[in-house]
Amino acid sequence: MSDGPAAGFFPAGRRTALTGWGRTAPSVAEVVTPMTREQVGAALRRRTERGVIARGLGRSYGDPAQNGGGIVLDMTAMNRVLDADLENGVVTVEAGVSLDRLIELFVPFGFFVPVSPGTRQVTVGGAIGADVHGKNHHAKGSFCDHVLAMDLLLADGTVRTVTPDGDPDLFWATAGGMGLTGIVLSAVVQMTPIETSLVSVDTDRTRDLDEAMALMAETDEKYTYTVAWLDCLAKGRNLGRSVITCGEFARLDELPAKKRGRALRFKSGTLATIPDLVPGRLPNKFTMGLFNELWYRKAPQHKVGQLQGITAFFHPLDLVQEWNRVYGKTGFLQYQFIVPFGREDALRQAVEKISAAGAPSSLTVLKRFGPGNPGYLSFPKPGWTLTLDFPTNTPGLVRLLHQLDELVLSNDGRMYLAKDSRMDPADLARMYPRLEEFRNVRAKVDPDGVFVSDQARRLGLA
Amino acid sequence: MKDALGAPQSLLILGGTSEIALHTARKLVAERVRRVVLAGRPSGALDAAAEDLRGRGAQVEVVAFDAAEPETHEKIVDEVFAGGDIDVVLLAFGVLGDQESDEQDPVAAAQVAQVNYVGGVSAGLSSVKALRRQGHGSLAVISSVAAERARKANFIYGSSKAGLDAFAQGLADKVHGTGIHVMVVRPGFVKTKMTEGMPDGPMATTPDVVADGIIKGLRRNATTVWVPGPLRFVFSALRHVPRPIFRKLPI
Ligand SMILES: Cc1cc2nc3c(=O)[nH]c(=O)nc-3n(C[C@H](O)[C@H](O)[C@H](O)COP(=O)(O)OP(=O)(O)OC[C@H]3O[C@@H](n4cnc5c(N)ncnc54)[C@H](O)[C@@H]3O)c2cc1C
Ligand SMILES: NC(=O)c1ccc[n+]([C@@H]2O[C@H](COP(=O)([O-])OP(=O)(O)OC[C@H]3O[C@@H](n4cnc5c(N)ncnc54)[C@H](OP(=O)(O)O)[C@@H]3O)[C@@H](O)[C@H]2O)c1
């Protein structure tokens, strides 16, 4: 244990209304943007009884990175790389650095982030807070499986260096702990070696959900990265038709000779920004039905070895900035759940219900998880995870989601806290059987509940 | 905290035995509301209301609150908020008075204003202060269509609601943009114990319908809710009727 930060100058906070990526349920907090550890410590000391929470890039869909009436620490100005071992790909970074930046900096040196969500506009702190997963979960686990150590500012103002071996309780309570154990100041991350910045992609189109599940079960062992995009509006025989993409970073010898000279080239950037003017009902059953149809038709029946860039394969949505504005003022929500292997029927029923409700889920993604890690509130466990996007003004949405909740619960499944914006607090303990253990660890390091978010209050998390 | 679909989890009712408020509470408890605080003058009816909501799965607290004692309001409200966040405050207390006899009894008439308007001012401000401290939440103030224009048949009650209504509108504008939402509810004639024994007014409605209007308004952060909706047009027309004619209208 080291000494706490010295008294620091306190950057002025602004009272600001914050939401998550879904742009629902705002609350007003004092947002402080510290640039140093000392400033984080100073902000912590200035807290009221409404407490403090860290915020990364606000890519969680609901309210875990907001704290009405209290202090929200916008960590994005703490974005320095503190150390990099380019031999072994071990980097020490401040928590506010984005995965986008890590990729930009280290791909040219032959290292990719160990785990990447569907957007790279997330911070390392947020990736730890939600213990995020990517297309490689079945092979490589989730983000915190690759975190070797982190510096955590605790409620009493001290900073502790936490490692999985040295302090497993605190480490695994922080991994997926939604910011409720303390402020991650910096982390040591094991990056993944790559020979090229291109991904060799195999694509398959399946006629229905069963075919998709069968194919995924078969291909998972062969590829590091797999995911299926599902057409949730297709009905009847086509129920759950999918486009499955599997990939592997290409080896140098897989590149055409003329490309080998700049095999590790990578350029971040975007194509467009959605203006904040969209009237509210752009994605609806009809536009989404059309979109899904096109996406499905566009995909090849079967194609192997296509070389794709990092953005095209991992983060196609990042090409358009602020795409959440497409949903207009009323916002949208994501519903991501997992059901264990052996409960394929539940998955089928879920897709049937969504299809029958005609709810326009634009981004429906199916993925197989491998074994989970010891994270008390970490989401992944072996099974199928389905991710759905719904505009909040979808008719009948409350009922549909309620039915899905029941289905998930009765099949030993759970929902992802980083996507949650509406789950029933009564379901929490059933979904996360280690909740009580999490609370015990937290009670030791934060007995007064200094670290608290709107989500924590809404769900009674801590 | 309201969820992404606008469903609140906690509710404070000022005027805990109000039929309109209790219908609203029952519907909200059937959705996501778990914590309900009933603030009112202690009575068997207040306890029974609490019991009823408990039976529906809510955790219910009962606190003593008298609208006619404004000096006590801030402390009472603060204690409720100290026990946990409140997503919605429903300011529901009110007295109708008896126009005919109150005209002969100035003190009784002033008591109507004391509860409906003065009590509304202190309870409304206390609530908004607490909501601002927590950074989110709604205050719904039950006014009345009677606030739109004072009628000779019930101007004592009407003027008290007019004061409350104007106060709540101003308050709503004052807090606009601070994350707090203030909504004015204007019901017409509602069949509750307040109007028991009176002949139904035009477009008479039920507390159940008013509750639906309140919940819908909360969900879309409305500034004004009329129940039933068309009364809005009736009353904006009445508002512009010239005095000599208005005076003679049988309303
Ligand atoms: C388009 C899109 C696709 C996505 N795809 C995936 C996916 O494939 N897989 C997946 O797992 N997730 C996915 N997500 C969700 C996203 O990865 C997580 O919500 C992630 O936590 C967001 O990181 P952030 O930096 O924006 O954190 P925020 O959303 O700001 O915060 C998330 C949580 O982390 C905590 N936190 C943030 N910084 C710190 C810190 N320094 N110390 C302590 N706690 C902290 C916060 O308190 C909060 O509880 C996706 C999101 C979007 C918008
Ligand atoms: N019914 C209608 O036609 C109608 C129409 C328009 C507007 N409104 C308004 O709607 C609101 C609710 O009325 P309602 O129809 O539900 O009638 P209600 O059941 O009679 O409710 C009135 C409530 O006000 C409370 N109250 C009165 N004086 C109080 C005081 N000094 N301190 C604390 N609480 C006090 C009453 O509590 P006690 O149990 O202690 O008396 C009762 O809970 C009122 O503001 C009313 O003016 C009603």
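Residues numbered from 1 in each chain as written. Chains lettered and ligands numbered in written order. Predicted model: local features only at pLDDT ≥ 70, side-chain atom pairs only at ≥ 80, totals over all residues. Heavy atoms only, no water.

1. Section: the side chain of A:Ser116
All names here are of chain A. Looking at the secondary structure, you find Ser116 in the loop between β7 (111-112) and α3 (124-129). For Ser116, the side chain forms a polar contact with the side chain of His315, separated by 2.6 Å. With residues up to four places along the chain from it excluded, the contact list for Ser116 reads Leu99, His133, Gly134, Lys135 and His315. (Helix = DSSP H or I, 4+ residues; strand = E, 2+ residues; numbered from the N terminus. Polar contact = N/O pair within 3.5 Å; in protein donor to acceptor, adjacent residues only side chain to side chain. Contact = heavy atoms within 4.5 Å.)

2. What to know about the interface of chain B and chain A
The interface of chain B with chain A comprises 16 residues on the first partner and 25 residues on the second. In total, about 1500 Å² of surface goes out of reach between chain B and chain A, with carbon and sulfur atoms giving 54% of it. The tally of links from chain B across to chain A stands at 2 salt bridges. Along the contact surface separating chain B from chain A lie 9 residue pairs in polar contact (both at pLDDT 80 or more). For the side of chain B that touches chain A, the residue count by class is 3 nonpolar, 6 polar and 7 charged. (Buried area = accessible area lost by both parts, 1.4 Å probe. Salt bridge = Lys/Arg side-chain N within 4 Å of Asp/Glu carboxyl O. Nonpolar A, V, L, I, M, F, W, Y, C, P; charged D, E, K, R; others polar.)

3. Focus: the packing of aromatic side chains
Residue and element names in this part refer to chain A. Within this structure, the stated rule accounts for 15 aromatic pairs over all chains. For the pair Tyr225 and Phe249, a centre-to-centre distance of 5.9 Å together with 80 degrees between the ring planes defines the contact as edge-to-face. Of the two residues, Tyr225 sits in strand β13 (residues 225-230) while Phe249 sits in strand β14 (residues 242-249), which places them 24 residues apart along the sequence. The pair Tyr225 / Phe249 is uniform in exposure class, with both members buried. Each residue in the set Phe112, Tyr225, Phe249, Phe313 and Phe314 is aromatic and connected to the rest through ring pairs, giving one cluster. Lying across the ring of Phe313, Lys135 places its NZ or CZ 3.8 Å from the centre. For Arg368, the ring lying beneath its charged end belongs to Trp384, and the centroid distance is 5.0 Å. (Phe/Tyr/Trp six-rings, centres within 6.5 Å; stacked < 30°, edge-to-face > 60°. Buried < 20%, exposed > 50% of the residue type's maximum accessible area, 1.4 Å probe, protein only. Lys NZ or Arg CZ within 6 Å of the ring centre and 35° of its normal.)

4. Remarks on the site of ligand 1
Residues and elements named next belong to chain A. Lining the immediate environment of ligand 1, one finds 35 residues, of which Ala54, Gly56, Arg59, Ser60 and Thr123 sit closest. Within the backbone of Gly118, one N or O atom sits 3.0 Å away from a nitrogen atom of ligand 1. Look at ligand 1: alone it shows 960 Å² of surface, and the protein chains cover 96% of it. Looking at which domains feed residues into the shell around ligand 1, each of domain 1 (78-194) and domain 2 (198-422) supplies at least three. (Near = heavy atom within 4 Å. Areas by Shrake-Rupley, 256 points an atom, 1.4 Å probe, with all protein chains shown as cover. Domains from an automatic or database assignment.)

5. Some details on the site of ligand 2
All names here are of chain B. Taken together, 28 residues lie near ligand 2, and Thr17, Tyr157, Val190, Thr192 and Lys193 sit nearest. In this structure, Phe93 approaches ligand 2 through a main-chain N or O atom, which is 3.0 Å from an oxygen atom. Protein contact buries 91% of the 870 Å² of open area that ligand 2 shows by itself. Those elements that place two or more of their residues in the shell around ligand 2 are α1 (19-30) and α6 (155-175). Among the residues making up the shell around ligand 2, the classes are represented as 14 nonpolar, 9 polar and 5 charged.

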